[in-house]
Structure formats: C-alpha cells, structure tokens
Amino acid sequence: MNKKRLLSVLAFVLICALLLASCGFEGNAIKPAGGDNRTFVLAESAEPPNLDVSKSTDEVSSRILNNTMEGLLRQDRNGRPQPAIAAQLPQVSKDKRTYTFTLRNARWSDGKPVRAQDFVFSWLRTLNAKTKSEYAFILFPIQNAEEYNAGKVSASQVGVKALDDSHLQVKLKFPTPYFMELCSFTTFMPQREDIVNQYGSEYALEANRLIFNGPFTLSNWEHEASFTLKKNSFYWDQRKVRLDRVEGKIIKDVASTVNLYSANRLDFTEINPEFAAIFEGKSDRTVIKEMASWYIEMNQTKAFFKNLNIRKSINYGIDKRSLTKRVLKNDSVPAGGLMPTHMKGDEKHKFRELSPDTVLYDPAKAKQLYAAGLKELGLKRQPDRLEIVGDDADSSKKQMEYIKEQLRKNLGLQVEVTAIPFKQRLQRGKRQQFDLLISGWNADYNDPMTFSDLFLSGGSYNRGKWSNPTYDQLVRKSMTNPNDQERLADLMKAEKILIQDAAIVPLYYRSRLGIKKPFVKGIYWISTGSSYVLKETYLDWKK
Amino acid sequence: MTFYILRRLILMMVTLLLIITATFFLVHSLPGTPLKNEEKLPPEIRDQILHEYGLDQPLYVQYFRFMGGLFKADLGKSLMYDGRDISQMLKERFFASAFIGFQGILIGLIIGGGLGILSALYQGRWIDNFATSTSVLGVSIPSFVLAGLLSFWVGVKWGILPPALWGSYAHTIMPSLSLSVAVIAQFSRYVRTELVEVLNQDYIKTARAKGLSKAAVIWRHGLRNALIPAVTVLGPLTVNILTGSLVVEKIFGVPGMGALFVDSIINNDYTAVLGTTIFYSLLIMISVLLIDILYGWIDPRIRVAGRRGE
C-alpha cells in the first residue's frame, strides 16, 4: 500500500514537472521550414471553402486568390492600386463615370492570353443571381449591375464591355472615387468561360479544376490538410517572383501552430493574444494592421439609450487605452472615431491625419453626464436588467467583462454579459435584442464610405437604430459627389456628428498578431489587412 | 441468430429515422443562415440567395426534400463549402479519423491487455502497482492534455516526431497514442479484474493439476474466459475514441471528421451537420451491433439465451 502511494505521488510530481516545464520555450537554431530559401511554409487556421472568384468570401480563400490570381490592378505595399493585368492606370472620363483599361500581354497558366472578355464574363457571372454570389453587391457601383442582379435588366445592359481583346470599358452608376481600389479586390478578378463551363458544378472545388493568371498556381490542395502554390511560369511579371513554392498548412489549434513554429516547421503564422506574451519583444512578432473598427452599439429603440447624455456617459466611462493594452494585447489602436488609422484620406494623407480623433475617457465627466441623463429621464436609477451582448470567443468575453467592470466602477451602471456564437450575435443585433452590442466592421475597400454608410437611418447594419438627418444627408450626398475634396470634407463632418451624437462608442481599430521568422523578407499585407502578398517575398537565410 | 440480427437492423433504421428528424429540426432552429458573408450581405440579396438554395420554403417541404434525397442515397451538397458533395467529404475525412482511431484502439488493446495480464499474474508486485497507477493516470488525464504535452515534448523539445500536421505515417503516431491512453487504462483494469477472478476458479486448478503448463492454462482457459466481459467495454471505448478524437484531431491538425462536425454546426451548414450526424449514428450503432454479435460468438451461453428469448 505504501509503495502504491509512493508511486502515485511520484507520478503526480512528474506530471507537475512536465506541465511547469512546458511553460518556458527554448529556442532551436532557426532555419526555414522548407529546408532552403526557395520554399515558404505558413499556417492557415481554416480550410478555404471555395476558390471560385465569384463566390469566395472568406479570408483564407482571398489570400490564395490574391497570390494565384491577378485583377486589373494590384495594391502595392502602401495600399495604392498599381497596374497589374492592366498595362497602366485606366483612362477616366471627365464625368468620372467611364473607366477604360488597356490590358497588357498577360497569360493564363495554360499559356492562353488574358483577355478583356475574361473580365466581362467574370463580373457578369458574379452578378447573375443563379451564381448565388455573396459578394455580388461589391460590383454594384457599375451601371445596371444591381438591376441585373435583381433580374430587372439583361446582361448586355450592364456597364462593362470588352472593346476588343485588350480594351475593357466600365461605365459606373455614379462617380466612385474608390473604383480603382475595387479593381484589386478578389471579386473583380477575371475568370475563363471555357474552364467554368468545362467543370460546371465542380469548378474551383479542387486544385486541378481551376486556372490562374497570378504569381503562383495552386498545384495541390488536400482538403482540411494543406495546399501548395508553385511559381507560375506564365506570369507576366515572373522576374519579380523569388519563391519557388509556398506551402500552406491548415491547422486550427493556435497552440499547435506555435509548437510547429518553434520546431522550425513553419515560417509564418498568425497567433492570438493568449500567445502574445511568448513573443513579446522578439523579432518574430509581426503586427498586421487591419482596416477594422470595433465599437459598442446602443439600442436606441429603448428610452434609456435614446438619451444623449446616457450614451455619452458610456463613451466617457470606458478606458479604451487600458482595454487595448491590458485586455487585447495585440497592438490594436484605441479609437476615438470610426475610421481606422490607415484609412485613405486624400492622395497624400490618411483620413486620420486630416481629421485626428480624440480618445475619450473621463470618469468624473462620465458620472456627471450619467446623473444628468437620469434626471432628464426622470429616473432614480438604471433600468433593471441591462445586457451587453457579444461573441463567445475568449478575447471577446474578456472585453465584455472589462467593459462591465468599467461601467460599474465609473458610472455605477450594472450590466450583464451575454456571450453568444457569431451567428446568434448577428441575429440578436438585427432584431434589436440587446442593450449594448459589441460590433465590428472590416473595410471592404480603402475608402471611408465602407464605414460611413453603415450608420444611415434604417440601414441594416445600424443595429442601434441611431438616426440623424444631417448625417444621412452628408453621407448620401457623398455617394454620388464627383468633387473628391468636398466629399472627403463631408465624410469627415459626418464622422464628427456620429461621435458628438454618441451614435456608437468607439473602442479600437483592430490589429492582428503574427509571428514570422526573421529571414522572411518582402512580405506585405493589402490595405484591408485580410491578405498577404507573396509576389516579392523571399527568404534570406544563411547557415 | 439471423432473425436476431434482422430485428436489430430494423430497430436501427427506426432509431436512425428519429435521429435524422430530430437533428433536422434542431439544426434548422439555430439562429442565422448558412450564408458565409451573412454579416455584410444586404438583406435583399440574402433573401434572393436563400431563395436560390430553396431555404426560403416551409421547413416541412425542405424536410421531405431532404428525406427524398436520402432514400436515393444522396446526402446533398455542403453549403459551407459550396458545392462539395457531403458523401465525398465524409469519405475523405473518415479515413484520417478512422486511421488514428483504430490505431489508437489497437495500441490500447495490446498494451492494456498486456498490462492487465501481467498485473493479474503478479498481483501486489511492482508491475501490478505500476499498472494501477498508470491506469489511474490514464483515466484521469484527458486525451487532449496528453496530446498537448506530447506535441510539445516529443514534437518541439525532442524533435522526435512532427508536433502536428498530416501527411506521413509519422504524423499518425502521436494522435493515436493520445487516444490510446484511455483504452490502455480501462482495458488493463478489466482484464486484470476478470483474469484474477478466472484464475481463482476451480477449473484452472484442475487444468494445472492435469499437467498443463502455466502458459497454456492462462492462454487457453484463463484468457478466453476473462476476455468475455472485456469485450463489452469495447463498445463504449470505440464511442469514446470517436468523440474524444474531436479535440485530439484539432490539436494535431488531423483532417478528420471532428473538424467537419464542429465547423458545420458553427456555420449552420445544415446538410453537413445532418451528414455527419447520420454517419456518426450509423457508425456507433453498427459498432455496438458488431460487439453484440462478437459477444455471442465468444460466449455460447448468450447465443443460447438469445434463442430461448425468441
């Protein structure tokens, strides 16, 4: 019996020792996961659901498409659209509604030329309701695109036309200052009619049922396990492509990805804040700047949040700086507005440089505003049960707990935290089943309108049901205003109104964390932060 | 026996029908739609796409349409991975899960059986104590904790095996080991208990007395009788491995059924949820049936009892 007990104790001690020891990381001598400088190995946290240009919506698919396909334009390191399949930037008509692109002599991965008709086919296919594209709406700035999608006009009436094999003419509904940004978006990439028809319902479901015109081709795709990109020998700019192979490993558990990275089996991966501490201060740590804004929406169909002072008091009562520093720990930027830090303003400046935001936090003022609000409402104390609703991911729960504590400490306001799955959060938001709602939005393109139009009265993303006629008027005018300067000024004014009227409580402009081996050079992310560009990436490793 | 199996098969069909119906209505009651870009999709376009998928029709219409497909052995197409055949996906994913699962059970049975026999033969000696503590640990440490530790130590620190991912045989070893520990723990306890009991029976003494060697006695008379109850735990163990592998698969990045099941629920992929549920149910029901048949084959008394019962 004694022996038995001794053994059990020994075993227990052994386990504890194992657990303790696993808390510290030892560095192995670093080397490329692929063994040499020609292969780059990275991890993705999900299987790409579909690489169909018309139907892809998720980030992993968009990353593969951004590296195997090319649209008329491609974003450079600074987020500016540069000529890609188009030989130069388009000619724009005086009324800014007609764009004419001249295509360069580019080829598909089977050697056939990329023609203007490939773009026309691709865009019309996306707009065809039968395709069931969930991103068709991004093409709506094109004349009659929305009408065709709704089945009101025929395909020939849509404002996109191949003048000949190498000239593409696009007519827009209104002047759209961000149309060139859009031309680098995955949904605007070309597709080959013969390939789409050849594979029918199997199109784009496997690596060999696709064709490419970008820096790499997808040479292998093992569902849920891995994908391989190979240098495309038909790519028009292949001189600049320095990698022979890119291997993507699909693995969902972040701890395992970190293990693989530490064992030199990955050169790059994204991580979540739980692992941030391990790489704090190390050269591996990479911050990926997203163009994403996170904020609290307040349910203004309820009398309590209809009161301006109450809404303002919540903004003043939450310390966003410590939220980003202590809770998020991923280099997200505390927010005072809606437009993220690197959103474009005019040609030379960022929006935020021209219209700086002020991060509001003042507990004393918050208390005053709150008391004033209660008085105006004729209330002695807060309504009984207030609920803050958000996603059930770890980091989201922590944020909500933090906000709950801030409101309790600074306002004496009691709220309950409700953490629910993403889809449920969307539904609750849509049906106004919340008091406070943690919401976020990722920019689709580099222009303030991607955020501004969210808060129009009655808009489906305006879940708090905030409404302000001046705001509506400024944003609606900007949708068609050909005067870029005036438009930008209007959108800046609109953002100020949004904050002054406390439509939302800005929290932070989100960043993501990655880890990348120090010898990985030349990688960059497109301005929305959703995709890396590996065209000019190289590994600079010496034994 | 044939009648018994037939009756069981009919019962299985009824159970399956109930499971499918319940799952169908449960999964459709989840909030949201299967659309991937639901957050950004303007409502008019969302409705139009739902219409194209036939998801705007009354639930009972969708139910009968799904069941109609099922009778033609068509599980439908995934909504999350647009257009991929569910049956094709299940086929691809099942291989990985089955491989690590069966390998895990096999390792578990061999090591667990060995440990059980040894500790029954050397009761109270160090090997018995060792086996006891191992099984206590094995039962109490969840497979995913062990998976994490293995991945870190064997994979990262010692660099013996790949810490995760899929592709070669080396990739299957650690997932199988993580899964096998629970089997080792439970199986060794059962074998030990049963064997100790059997070895104390009079017929064992008789066998020894008539001059059979110790090894022959244990093999021919001891083990065969001790294994009968042990076979019963195989059923629950297989089920345990199947469900336990969800997390282990995630940790090691195994492209198996686990990820498909979890993702399809999160993404409201109705057809994939139903497909995996049907598949899992069938798998569990068939393995339980097989074990019952096996049970009858090992122990003739059960066959007789079954016949009398009919």
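One numbering rule holds for all chains: residues counted from 1, following each sequence as written. Each chain is given a letter, starting from A, and each ligand a number, starting from 1, according to the order in which they appear as written. Where totals are concerned, whole chains, interfaces and linings use all residues; where local detail is concerned, this predicted model gives features only for residues with pLDDT of at least 70, and gives and counts side-chain atom pairs only at 80 or more. The side-chain figures draw on all heavy atoms in the structure; neither hydrogens nor water molecules are used.

1. Details of the sheet that holds strand β4 (residues 91-92) of chain A
All names here are of chain A.
Right, so step 1: Ordered by their spatial adjacency, 4 strands build an open sheet running β4-β5-β7-β6, and the pairing between neighbours is antiparallel. A single partner strand is all that each edge strand has here, and the edge strands are β4 and β6 (160-164).
Right, so step 2: A pair of strands is labelled paired if DSSP reports no fewer than 2 bridges between them. In this text, helices come from DSSP runs of H or I with a minimum length of four residues, and strands from runs of E with a minimum of two, each type numbered from the N-terminal end. When β6 meets strand β7 (residues 167-171), the two strands line up antiparallel, connected through 4 bridges. Paired with Asp-164 across the bridge in β7 is His-167.
Right, so step 3: Whether two residues are in contact is decided by their heavy atoms, any of which lying within 4.5 Å being enough. Interaxial angles span 0 to 180 degrees and are taken between N-to-C directions of axes, which are lines fitted to C-alpha atoms, for helices over the stretch in contact. Packing against the sheet, helix α3 (residues 116-127) makes contact with β6 and β7, and its axis sits at approximately 165 degrees to β6.

2. Some details on the environment of Val-196 of chain A
All names here are of chain A.
Right, so step 1: For Val-196, the location among the structural elements is in helix α6 (residues 193-199).
Right, so step 2: Linking Val-196 and Ala-150, residues 46 residues apart in sequence, is a C-alpha distance of 23 Å.
Right, so step 3: Setting aside anything within four residues of it in sequence, one finds Val-196 in contact with Phe-121, Arg-125, Gln-191 and Tyr-203.

3. Regarding the UniProt feature "transmembrane region" (unreviewed entry) in chain B
All names here are of chain B.
Right, so step 1: UniProt positions are given in the numbering used here, feature names are shortened, and annotations may be inferred rather than shown by experiment. In this numbering, the UniProt entry assigns the feature "transmembrane region" (unreviewed entry) to residues 94-122, 134-154, 166-185, 226-248 and 278-298.
Right, so step 2: Between the end C-alpha atoms of residues 94-122 the distance is 41 Å, and the span holds 97% helix and 0% strand.
Right, so step 3: Here residues 134-154 is 90% helix and 0% strand, with 19 Å between the C-alpha atoms at its ends.

4. Considerations on the domain arrangement of chain A
All names here are of chain A.
Right, so step 1: Segment limits for the domains were obtained from an automatic or database-derived domain assignment. As far as domains go, chain A holds domain 1 (69-202) and domain 2 (289-511).
Right, so step 2: Taken over C-alpha atoms, the centre of domain 1 sits 34 Å from the centre of domain 2.
Right, so step 3: On the side of domain 2, 12 residues touch domain 1, which itself brings 13 residues to the contact.
Right, so step 4: Three residues stand out in domain 1 for area buried against domain 2, namely Pro-177, Tyr-178 and Glu-181, and they jointly supply 42% of the buried area on that side.
Right, so step 5: When a carboxyl oxygen of Asp or Glu lies within 4 Å of a side-chain nitrogen of Lys or Arg, that pair is called a salt bridge. At the boundary of domain 1 with domain 2, the tally comes to 2 salt bridges. Defined in terms of a 1.4 Å probe, buried area is the accessible area two parts forfeit on being brought together, summed over both.

5. Thoughts on the packing of helix α4 (residues 86-121) of chain B against helix α5 (residues 126-140) of chain B
Residue and element names in this part refer to chain B.
Right, so step 1: Look at α4 against α5: their axes get within 8 Å of each other, and the N-to-C directions meet at 140 degrees. By the angle between their axes, α4 is oblique relative to α5. Crossing of α4 over α5 shows left-handed handedness. Contacts between α4 and α5 involve Leu-115, Leu-118 and Ser-119 from the first element and Ile-127, Asp-128, Phe-130 and Ala-131 from the second.
Right, so step 2: Asp, Glu, Lys and Arg are counted as charged, while Ala, Val, Leu, Ile, Met, Phe, Trp, Tyr, Cys and Pro are counted as nonpolar; the rest, among them Gly, fall into the polar class. Tallied by class, residues from the contact of α4 with α5 come to 5 nonpolar, 1 polar and 1 charged. Small angles under 35 degrees read as roughly parallel and large ones over 145 as roughly antiparallel, with 65 to 115 read as roughly perpendicular and the rest as oblique. Handedness of each helix crossing follows the sense of rotation of the near helix against the far helix: counterclockwise by less than a right angle gives left-handed, clockwise gives right-handed.

6. A closer look at the confidence of the model for chain B
Right, so step 1: Every residue is assigned a pLDDT by the predictor, reflecting its confidence on a scale from 0 to 100. When pLDDT is averaged across chain B, the result is 87; 96% of the residues are at 70 or more.
Right, so step 2: Scored by ipTM, the complex comes to 0.83, with pTM at 0.88.

7. Brief notes about the pattern of salt bridges
All names here are of chain A.
Right, so step 1: Counted by the stated rule, this structure contains 56 salt bridges over all chains.
Right, so step 2: Its salt-bridge partner being Asp-165, residue Arg-115 comes within 3.8 Å of it at the nearest N-O pair. Of this pair, Arg-115 sits in the loop between β5 (98-102) and α3 while Asp-165 sits in the loop between β6 and β7, and the two are 50 residues apart along the sequence.
Right, so step 3: Partly exposed describes any residue whose relative accessible area lies between the buried limit of under 20% and the exposed limit of over 50%, with all areas from a 1.4 Å probe on protein chains only and scaled to the type maximum. For Arg-115, a relative accessible area of 32% translates into the label partly exposed.
Right, so step 4: Looking at Asp-165, the relative accessible area reads 40%, which means it is partly exposed.
Right, so step 5: The shortest N-O distance in the salt bridge between Glu-416 and Arg-385 comes to 3.1 Å. Pair noted here: Glu-416 is in strand β15 (residues 416-420) and Arg-385 is in the loop between α12 (363-377) and β14 (387-391), with a separation of 31 residues, a long-range link.
Right, so step 6: When its relative accessible area of 36% is taken as the criterion, Glu-416 is described as partly exposed.

8. Looking at empty space enclosed by the protein
Residue and element names in this part refer to chain A.
Right, so step 1: The pocket and cavity definitions rest on a 1 Å grid over protein atoms only: a 1.4 Å probe that fits but cannot leave marks a cavity, an open set with protein on both sides within 12 Å along at least five of seven lines marks a pocket, and residues lining either have an atom within 4 Å of a point. Grid points are joined across faces, edges and corners, and a volume is the space filled by probe spheres set on the points. This model, assessed by the stated rule, comprises 8 cavities of 30 Å³ or more.
Right, so step 2: In this structure, the largest cavity spans a volume of roughly 80 Å³.
Right, so step 3: Considering the residues around the largest cavity, the lining is formed by Asn-66, Met-69, Glu-70, Gly-71, Leu-73, Arg-74, Gln-75, Ser-184, Met-189, Ile-526 and Val-533.
Right, so step 4: Classifying every residue of the lining of the largest cavity gives 5 nonpolar, 4 polar and 2 charged.

9. Considering the nonpolar core
All names here are of chain A.
Right, so step 1: Counting residues in each nonpolar core, the largest one holds 112 residues, and the members touching the most others are Phe-101 and Leu-168.
Right, so step 2: Both domains that meet at this core, namely domain 1 (69-202) and domain 2 (289-511), each give it at least three residues.
Right, so step 3: In plain words, nonpolar cores are sets of buried Ala, Val, Leu, Ile, Met, Phe, Trp, Tyr and Cys residues tied together by side-chain atoms within 4.5 Å. Within the second largest apolar cluster, 31 residues are counted, among which are Met-400, Val-415, Val-505 and Leu-507.

10. Considerations on the packing of aromatic side chains
Right, so step 1: Only centres within 6.5 Å qualify two rings of Phe, Tyr or Trp (six-membered ring in Trp) as a pair; their planes then separate them into stacked at under 30 degrees, edge-to-face at over 60, and tilted for everything else. Following the criterion strictly, the structure yields 28 aromatic pairs over all chains and no others.
Right, so step 2: Centroid distance Phe-119 of chain A to Trp-123 of chain A: 6.3 Å. Interplanar angle 80 degrees. Geometry classified as edge-to-face. Of this pair, Phe-119 of chain A and Trp-123 of chain A both sit in helix α3, separated by 4 residues, roughly a single helical turn. For the pair shown, Phe-119 of chain A and Trp-123 of chain A are each scored as buried.
Right, so step 3: Ring geometry for Phe-95 of chain B versus Phe-99 of chain B: centroids 5.9 Å apart, planes at 45 degrees, classification tilted. Remark: Phe-99 of chain B and Phe-95 of chain B occur in helix α4; sequence separation between them is 4 residues, near one turn of the helix.
Right, so step 4: Judged by its relative accessible area of 30%, Phe-99 of chain B is partly exposed.
Right, so step 5: In this structure an aromatic cluster arises from ring pairing among Tyr-99, Phe-119, Trp-123, Phe-179 and Phe-188 of chain A.
Right, so step 6: When the ring centre of Trp-236 of chain A is taken as reference, the NZ or CZ atom of Arg-104 of chain A above it lies at 3.5 Å.
Right, so step 7: Between Lys-157 of chain B and the ring centre of Trp-153 of chain B, over which it is positioned, the NZ or CZ distance is 5.9 Å. Two thresholds decide whether a charge sits over a ring: the Lys NZ or Arg CZ must be within 6 Å of the ring centre and within 35 degrees of the ring normal.

11. Comments concerning the side chain of His-28 of chain B
Residue and element names in this part refer to chain B.
Right, so step 1: Structurally, His-28 can be placed in helix α1 (residues 2-28).
Right, so step 2: A distance of 3.4 Å separates the side chain of His-28 from the side chain of Gln-62, its partner in a polar contact.
Right, so step 3: In this view, His-28 contacts Leu-59, Gln-62 and Tyr-270; residues no more than four positions away in its chain are not counted. Polar contact is defined as a pair of N or O atoms within 3.5 Å, subject to the rule that within protein one atom must be able to donate a hydrogen and the other to accept it, and that residues adjacent in sequence are counted only when both atoms are side-chain atoms.

12. Digging into unusual backbone geometry
Residues and elements named next belong to chain A.
Right, so step 1: Although it is not a glycine, Asn-264 sits at a positive phi angle of roughly 60 degrees.
Right, so step 2: With respect to the secondary-structure elements, Asn-264 resides in the loop between α7 (254-262) and β11 (268-271).
Right, so step 3: For Asn-264, a relative accessible area of 9% corresponds to the buried category.

13. Some remarks on the layout of surface pockets
All names here are of chain A.
Right, so step 1: Reported here for the second largest pocket is a volume of approximately 1,100 Å³.
Right, so step 2: Lining the second largest pocket we find 46 residues, and of these Gly-79, Glu-181, Lys-344, Asp-346 and Asn-446 sit closest to its centre.
Right, so step 3: Residue composition of the lining of the second largest pocket, by class: 21 nonpolar, 10 polar and 15 charged.
Right, so step 4: Viewed by domain, the lining of the second largest pocket spans two of them, domain 1 (69-202) and domain 2 (289-511), each represented by three or more residues.

14. With respect to the interface of chain A and chain B
Right, so step 1: At the interface, 60 residues of chain A touch 54 residues of chain B.
Right, so step 2: The three residues of chain A that bury the most area against chain B are Lys-132, Glu-134 and Lys-423 of chain A, which together make up 15% of that side's buried surface.
Right, so step 3: Between Arg-93 of chain B and Glu-224 of chain A there is a salt bridge whose closest N-O contact spans 3.5 Å.
Right, so step 4: Between the two partners, chain A and chain B, sit 19 residue pairs in polar contact (both at pLDDT 80 or more).
Right, so step 5: Of all the secondary structure elements, the ones that give two or more residues to the side of chain A that touches chain B are α1 (2-21), β10 (245-250), α7, α14 (422-430) and β16 (436-442) of chain A.
Right, so step 6: The dominant element in the side of chain A that touches chain B, judged by the number of residues it contributes, is α1 of chain A, at 8 residues.

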